[in-house]
Amino acid sequence: MVNLTESPHKETCLVWWNGKSALKLHGIVPRVYREFGCNYILNNRDVTDICVYDGEQVAIINDKGHWKPNHGWWCQSKYQQYINQLPAWTQWHFKPLDNPGIKDSGCMALEIARQEGYKHIHVLGCDWGVSDASIYDDLYANNRWHMKVNQHYPGKVTAPKTEYLVQLQREVDITWVTETPQKFMQRHSTVLDWLNDLFSL
């Protein structure tokens, strides 16, 4: 497996989801050439690209000071007119998201990574099927809805999303770093095995 810490690699990247399992990894995984995260990830990890699926989160990120320069910021094309009115709009990129399975920032981050040409993607912080809790639940605009959903399983997992992920894995090699693999995860690794293999720790 490629050691991403040795030199820039333009075919392999990390994608951070915001499940609570990511917390223990934010500070120990070495930085790599390209990392995609979601919404408020910069509060914990200085990734290169941040994907924001909906306009509510864009507003909070802008109004509450979570936006930072010199990063790649991504959002759906349908919010471009709104974002263009913000002071920092020049550093936002826009993509149409037509697949019905791309309904959250995590799936969006995978799709952006694919569109950016990455063939090998390592996903950290996916707790689907175990917990719907996010590290940043207290920051979401629709926090009451999130709190309600988090009482049930598997909340965030829907048929269109898993269908999209299965289809995506036919095109892209994805390694899910998790202690609780789900059926849709074609390739997965425990955290310890992944760290040992990828970074030779």
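Each value, and the rule that gives it
- Residues numbered from 1 in each chain as written.
- Predicted model: local features only at pLDDT ≥ 70, side-chain atom pairs only at ≥ 80, totals over all residues.
- Heavy atoms only, no water.
- Phe/Tyr/Trp six-rings, centres within 6.5 Å; stacked < 30°, edge-to-face > 60°.
- Helix = DSSP H or I, 4+ residues; strand = E, 2+ residues; numbered from the N terminus.
- Buried < 20%, exposed > 50% of the residue type's maximum accessible area, 1.4 Å probe, protein only.
- Pairing = 2+ DSSP bridges.

K.L.:
Which residues make up the packing of aromatic side chains, and what values go with them?
P.N.:
The full count for this structure, using the stated rule, is eight aromatic pairs. Both rings, one in W17 and one in W128, keep their centres 4.9 Å apart while their planes meet at 45 degrees; by these two values the pair is tilted. Taken together, the residues W17 in the loop between strand 1 (12-16) and helix 1 (23-26) and W128 in the loop between strand 6 (120-124) and helix 5 (143-149) connect sequence positions 111 residues apart. The exposure classification of W17 matches that of W128, with both residues buried. With centroids separated by 5.3 Å and ring planes inclined at 85 degrees, the aromatic side chains of W176 and F184 adopt a geometry described as edge-to-face.

K.L.:
With reference to specific residues and values, describe the pairing of strand 2 (residues 35-38).
P.N.:
Looking along a regular strand, one sees side chains alternate from face to face of the sheet. Because side chains alternate across strand 2, one face comprises the buried residues E35 and G37, and the other comprises F36 and C38, equally buried. Direction of pairing for strand 1 relative to strand 2: parallel, over a ladder of two bridges. Looking at strand 2, one finds that L14 is bridged to E35. Pairing analysis gives three bridges linking strand 2 to strand 3 (residues 49-52), with the strands arranged parallel. Note that in strand 3 the partner of C38 across the bridge is C51.

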